[in-house]
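Spelled out, the chains give:
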Amino acid sequence: MSDTPLGVLDLVPIPSGATAADALRNSVELARRTEEFGYARYWFAEHHLNPGVAGTSPAVVLALTAAATSTIRLGSGAVQLGHRTALSTVEEFGLLDAVYPGRIDLGLGRSGGRPPAERATAPTATPVVDGRAPNGLVVPPRFDFARLLGSPRFALHRRLLLLPNAESQDYTEQIDDVLALLAGTYRTEDGVEAHIVPGEGAEVEVWILGSSGGESARVAGERGLRFAANYHVSPATVLEAVDGYRRYFQPSDVLDKPYVSVSADVVVAEDEATARELATGYGPWVRSIRTAEGAIPFPTPEEARARVWTDEDRELVQDRLDTQFVGSPQQVVDRLEQLQEATGADELLITTITHDQADRVRSYELLAAEWRRR
């Protein structure tokens, strides 16, 4: 398995009792350490209105992190195009590439102020029987995001991210604009050219992130771009997403065959009991997201155990608990191998959140060491 690169996905989580500044320092330190451990990429997610997450601007955090590292690739996982323009995105990442050429990944996603759209269920080439893929990978029932998308907080999210009366651009059209601006081929219908400095010709790797086999998988496949599927966010649809991407794929100047990264939530410790103790706060943290409360500061195990749980609470988070990989290095790598086999992933993207920074760093260290041994 050492031939399959591992990357890091960081939300810049704020532990309970800490500050956003603490979280940012933790992330920069973690990027330095995972570079030492041999991880191939370090990506920052973009989230807004979350009391327990400081990763609001991937480009800004990338600039801070790039100055503290030297070889690991750095990127966005993902820039939320729903409230941005193609121009502003290419300009920001063009600036990063100008200073750190050949190290920057531009991961693009649909969300961020974009109104909810109906998601059609795409067919999958991989059969799922009794909640498992043929090799045993857990594929839980699809989670219903209707309550989350219909919440007042989602409406507030859109109101604060978008300028008054602004509308999000069609996603496929926006991706094409990003690619054209990077390539220097952008033309309006009446022939007016746009050339961005810095940005045009930037050595960035463009990735599309998606959680289903819908528009994101289609645009990534048809444009011959790299695709990242989210097992850690939407485990029910990961097989649909990678199958859809491969079905749509057409060779491009960038890729001659599909290239997929798949994410997973992971906590590793020397033994399973310790790992499960470190992961105790994960359930309440996921619950806060899925109730539209916004991600809370990540609780200590003691704070998590003090919460009174209802049957509704458990139902909200069960799919995420069932698909979090928690245990000893050997146990977790066994499950990651299962995920890689089921999805055919070319890379795996690891996200680990614990309350204490030392435990988080140690989890990535133990995982990398075991990965190299396989």
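The text that follows walks through the structure, step by step, so that each part is easy to find. (Residues numbered from 1 in each chain as written. Predicted model: local features only at pLDDT ≥ 70, side-chain atom pairs only at ≥ 80, totals over all residues. Heavy atoms only, no water.)

**Focus on the overall build of the protein chain**
- Each helix and strand counted, the protein chain has 14 helices and ten strands in total.
- For the protein chain, whose C-alpha radius of gyration is 20 Å, the value lies close to the compact-globule estimate of 21 Å for 374 residues.
- Principal axes of the C-alpha set define a box for the protein chain whose edges measure 65 × 45 × 45 Å.
- Here the analysis covers contacts within the protein chain between residues at least 6 apart in sequence; of these, 75% occur between residues at least 24 apart.
- Here the protein chain has roughly 15,900 Å² of accessible surface; of this, 52% comes from carbon and sulfur atoms.
- The positive charge centre, built from 36 side chains, and the negative charge centre, built from 54, are 2 Å apart in the protein chain. (Helix = DSSP H or I, 4+ residues; strand = E, 2+ residues; numbered from the N terminus. Rg over C-alpha atoms; globule rule 2.2 N^0.38 Å. Contact = heavy atoms within 4.5 Å. Areas by Shrake-Rupley, 256 points an atom, 1.4 Å probe, with all protein chains shown as cover. Lys, Arg positive; Asp, Glu negative; His and termini not counted. Charge placed at Lys NZ, Arg CZ, Asp CG, Glu CD.)

**Description of the environment of Arg73**
- As for its position among the elements, Arg73 is in strand E3 (residues 73-76).
- Each C-alpha atom, one on Arg73 and one on Gln318, is 33 Å from the other, the two residues being 245 residues apart in sequence.
- Within the structure, the side chain of Arg73 is placed 3.1 Å from the backbone oxygen of Ile104, a separation counted as a polar contact. (Polar contact = N/O pair within 3.5 Å; in protein donor to acceptor, adjacent residues only side chain to side chain.)

**Some points on the pairing of strand E8 (residues 260-268)**
- Where burial is concerned, most of E8 is hidden: nine out of the nine residues are buried.
- Sheet topology places E8 next to strand E10 (residues 347-351); five bridges connect them, and they run parallel. Looking at E10, one finds that Asp265 is bridged to Thr351.
- Sheet topology note: the E8/strand E9 (residues 325-327) ladder contains three bridges and is parallel. (Buried < 20%, exposed > 50% of the residue type's maximum accessible area, 1.4 Å probe, protein only. Pairing = 2+ DSSP bridges.)

**Details of the nonpolar core**
- Core analysis: the biggest nonpolar cluster contains 76 residues, and Leu108, Val262, Leu336 and Leu367 have the highest contact counts within it.
- Broken down by element, this core gets its largest block of residues, six residues, from helix H14 (residues 357-373).
- In contact with Leu336, other than residues within four places in its own chain, are Ala264, Val266, Phe325, Leu348, Ile350, Leu367 and Trp371.
- Counting 20 residues, the second largest nonpolar core, distinct from the first, contains Leu11, Trp207, Ala295 and Leu316. (Core = buried A, V, L, I, M, F, W, Y, C linked by side-chain atoms within 4.5 Å.)

**Re the packing of aromatic side chains**
- Taken as a whole and assessed by the stated rule, the structure comprises ten aromatic pairs.
- Here Trp207 and Tyr259 contribute two aromatic rings whose centre-to-centre distance is 5.9 Å and whose plane-to-plane angle is 75°, an arrangement assigned as edge-to-face. Remark: Tyr259 occurs in the loop between helix H8 (238-248) and E8 and Trp207 occurs in strand E6 (residues 205-210); sequence separation between them is 52 residues.
- For Arg247, the ring lying beneath its charged end belongs to Tyr248, and the centroid distance is 5.5 Å.
- The residue whose ring lies beneath Arg290 is Phe143, and the NZ or CZ to ring-centre distance is 3.7 Å. (Phe/Tyr/Trp six-rings, centres within 6.5 Å; stacked < 30°, edge-to-face > 60°. Lys NZ or Arg CZ within 6 Å of the ring centre and 35° of its normal.)

**Section: the pairing of E6**
- Most of E6 is tucked away, with six of its six residues classed as buried.
- Judged by which residues are buried, E6 turns out to be covered on both faces: Glu205, Trp207 and Leu209 on one side and Val206, Ile208 and Gly210 on the other are all buried.
- Two strands pair when backbone bridges link them, and E6 and strand E7 (residues 226-230) are joined in this way by four bridges, in the parallel orientation. Along E7, the bridge assignment pairs Ile208 with Phe227.
- Crossover E6 to E7 through helix H7 (residues 215-222) is right-handed. (Right-handed = clockwise from strand over helix to strand, strands pointing away.)

From the geometry alone we can't say anything about function, so treat these as descriptive.
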